[in-house]
Amino acid sequence: MTARTLQGFMELLPQEQIVFDHMKSVIAHTYEMFGFAPLDTPVLELADVLLSKSGGETEKQIYEFKKGDTDLAMRFDLTVPLAKYVALYNNDLTFPFKRYQIGKVYRGERPQKGRFREFYQCDIDIIDRDELNIVYDAEVLAVIYTVFNKLNLPKFKIYINNRKLLGGFLQSLDIADKTVEVLRLVDKIKKIPEEAFLGELSDLGLAEDKKQSLLKFIKINGLNDEIIAKLEELNIDNDSFVTGLAELKTVITQAQNLGLPAQNIQIDLSITRGLDYYTGTVYETFFDEYPQFGSVCSGGRYDNLSSVFMDKKFPGVGISIGLTRLFDQLRANNLLQFKELTPSKALIVPQDESLIDAAVKLAGKLRNADIAVDVMYRQCKFKKKMEYANKIGVPYLVIIGEEEAKSGLFACKDMITGEQKALNLDELIETLK
RNA sequence: GCGGAUUUAGCUCAGUUGGUUAGAGCGCUGGUUUGUGGUACCAGAUGUCGUGAGUUCGAGUCUCAUAAUCCGCCCCA
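Residues numbered from 1 in each chain as written. Chains lettered and ligands numbered in written order. Predicted model: local features only at pLDDT ≥ 70, side-chain atom pairs only at ≥ 80, totals over all residues. Heavy atoms only, no water.

1. What about the sheet that holds strand β9 (residues 278-287)?
The strand order β1-β5-β6-β11-β10-β9-β7-β8 describes an open sheet built from eight strands, whose pairing is mixed. Strands at the two margins of the open sheet, each flanked by one partner only, are β1 (37-38) and β8 (265-267). Pairing between strand β7 (residues 156-162) and β8: three bridges, direction parallel. Residue pairing in the sheet places I158 in a bridge with I265 of β8. Contacts between helix α4 (residues 79-89) and the sheet are confined to β5 (97-106) and β6 (118-127), with β5 contributing the most and set at about 135° to the helix. Across the sheet, helix α5 (residues 135-150) lies against β5, β6, β7, β8, β9, β10 (297-302) and β11 (316-322), angled at about 15° from β9, the strand it touches most. (Pairing = 2+ DSSP bridges. Helix = DSSP H or I, 4+ residues; strand = E, 2+ residues; numbered from the N terminus. Contact = heavy atoms within 4.5 Å. Axes fitted to C-alpha atoms, helices over the stretch in contact; angles between N-to-C directions.)

Right, dumping it as structure tokens:
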């Protein structure tokens with residue numbers, strides 16, 4: 001039997017896992033800073049529940065199987081489980097309901113660069129009954145900004161748009177019936193040449209003048225305020241457009257009030273998102289110097305979370321960070337530093353068998369003082385012990401030898417500077433704190 | 001679902017028009033006098049050359065089949 005891991009499933013070495021987990025905890029902590037409460041739902045659900053909402057693409061990619069007579073499926077994202085959860089517990093939840101969920105999701109698609117069959121999504125959503133204030137859309141922007149800022153990653157930009165704008169614009173052109181197809185095409189504009197884009201619009205049956213006005217519309221650019229001014233100048237008399245513009249304006253204004261730097265937030269009228277359940281604000285996040293990573297955090301506003309499960313209306317806004325992809329791309333581009341192999345602050349090294357007792361006692365005391373320590377019990381040449389300490393990247397070495405046993409002091413060596421001091425217990429705890 | 005490529009040591013790869021004991025770097029193990037490392041130097045181990053068949057006196061190298069992996073498209077994080 002040969003040991004191997006399924007394709008599309010990521011496994012990490014300890015020093016990588018430490019960095020991965022660190023990123024995960026920064027994300028979780030940031031989410032909590034904005035008042036989101038944790039939620040965990042099962043990886044497996046009834047197939048009917050998971051497939052209730054979705055179209056053909058999900059059905060093709062979802063892992064589905066039978067156990068006995070029950071049709072089961074593995075969750076494809078965290079949004080459908082959230083919808084189920086809200087439908088199930090809405091009488092016990094307090095709205096606006098803010099939850100975050102960090103968990104693995106499963107998609108049985110062809111693995112490729114940055115595409116996994118099992119990957120972490122880190123979601124936040126704010127759900128309210130009937131109506132959800134638009135300022136939450138700006139808060140979501142602040143969450144995205146704060147997370148990426150704290151993760152200490154390359155320069156990034158959050159691109160924002162409002163689907164009502166393009167929807168209203170298409171209505172004003174009298175081609176609203178083509179909205180879904182046009183949105184999908186607009187979403188691809190950055191990937192395909194302009195002629196191909198126009199060609200595909202022709203295939204949809206759009207007249208020349210309409211194609212040109214659409215192209216002109218999505219190419220409107222400039223600073224956020226300039227774009228808003230240009231949109232206002234268009235003077236389009238359409239309810240959806242007017243609402244969308246007002247919402248976008250509010251989000252931008254509130255983002256400024258929240259203190260988000262202008263250079264990290266950019267209105268882009270060609271951002272539409274492929275998923276058709278978004279109805280208002282949409283977000284995508286890219287690294288300025290690594291556009292090939294794709295969007296590392298996306299989301300948007302939707303009118304109704306749980307329509308398939310219940311009659312009541314629950315509008316919401318949320319985003320998802322694809323942590324597995326993000327980590328994988330950063331690692332592939334050498335943008336992460338892997339140093340420690342251990343969470344320990346110090347490695348205690350008894351010089352020989354007779355000093356193990358002293359080492360065990362010291363380990364106990366240090367751990368009681370809330371200091372993570374490890375002990376090298378394996379007896380070998382001192383040089384080997386040093387090598388081990390080096391490899392696991394532990395910051396301090398505490399040596400227990402005959403001299404130390406006699407004096408009652410501990411030799412504490414800083415592995416980076418090489419500096420070594422004889423310390424008593426209190427001084428040692430102070431140093432390692 | 002459609003298309004393209006790759007497969008040689010633990011990892012990354014080299015291997016000339018088929019020719020005898022298949023190589024490098026990194027990593028690994030040991031050593032440079034046995035209480036002081038990360039650098040340097042020395043020595044060493046490791047391969048059914050993805051699998052199966054064929055052509056040939058002879059195949060890592062050519063042909064066919066098959067599998068695995070990777071990369072695009074679609075869709076998405």
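2. A closer look at the packing of aromatic side chains
The full count for this structure, using the stated rule, is 18 aromatic pairs. Between Y145 and F156 the ring centres are 5.9 Å apart and the planes differ by 40°, which places this aromatic pair in the tilted class. Within this pair, whereas Y145 is found in helix α5, its partner F156 is found in strand β7, the two being separated by eleven residues in sequence. Here Y145 matches F156 in class, with each residue buried. Here Y277 and Y302 contribute two aromatic rings whose centre-to-centre distance is 5.8 Å and whose plane-to-plane angle is 65°, an arrangement assigned as edge-to-face. (Phe/Tyr/Trp six-rings, centres within 6.5 Å; stacked < 30°, edge-to-face > 60°. Buried < 20%, exposed > 50% of the residue type's maximum accessible area, 1.4 Å probe, protein only.)

3. Details of the nonpolar core
Counting 85 residues, the largest nonpolar core has Y31, F148, F217, L231, F287 and L326 as its most contacted members. Broken down by element, the residue count for this core peaks at nine residues, all from α5. Listed in part, the 20 residues of the second largest apolar core include I348, L355, Y396 and C412. (Core = buried A, V, L, I, M, F, W, Y, C linked by side-chain atoms within 4.5 Å.)

4. Section: the domain arrangement of chain A
Each domain of chain A was delimited in the assignment, giving domain 1 (14-332) and domain 2 (346-432). Between the C-alpha centres of domain 1 and domain 2 the distance comes to 50 Å. (Domains from an automatic or database assignment.)

5. Details of the packing of helix α8 (residues 194-203) against helix α9 (residues 208-218)
Packing of α8 against α9 leaves a shortest axis separation of 10 Å and a crossing angle of 135°. Judged by the angle between their axes, α8 and α9 are oblique. For the pair α8 and α9, the sense of crossing is right-handed. Each of E194, F197, L198, L201 and S202 in α8 lies in contact with α9, whose residues at this interface are K211, Q212, L214, L215 and I218. When its residues are assigned to classes, the contact of α8 with α9 shows six nonpolar, two polar and two charged. (Parallel < 35°, antiparallel > 145°, perpendicular 65-115°, else oblique. Left-handed = near helix turned anticlockwise from the far one by under 90°. Nonpolar A, V, L, I, M, F, W, Y, C, P; charged D, E, K, R; others polar.)

6. Quick look at the protein's contact with RNA strand B
If you check the shell around RNA strand B, you find 42 residues, and the closest are R107, R115, R273, R325 and N390. Atoms of RNA strand B within 4 Å of the protein: sugar and phosphate make up 43%, bases the balance. A distance of 2.9 Å separates a base oxygen of RNA strand B from a polar atom in the backbone of E402. Counting only elements with at least two residues in the surface near RNA strand B, the list comes to β6, β10, α14 (382-392) and α15 (402-407). Here the surface near RNA strand B takes six residues from α14, the largest share from any one element. Residue classes in the surface near RNA strand B are distributed as ten nonpolar, twelve polar and 20 charged. (Near = heavy atom within 4 Å. Polar contact = N/O pair within 3.5 Å; in protein donor to acceptor, adjacent residues only side chain to side chain.)

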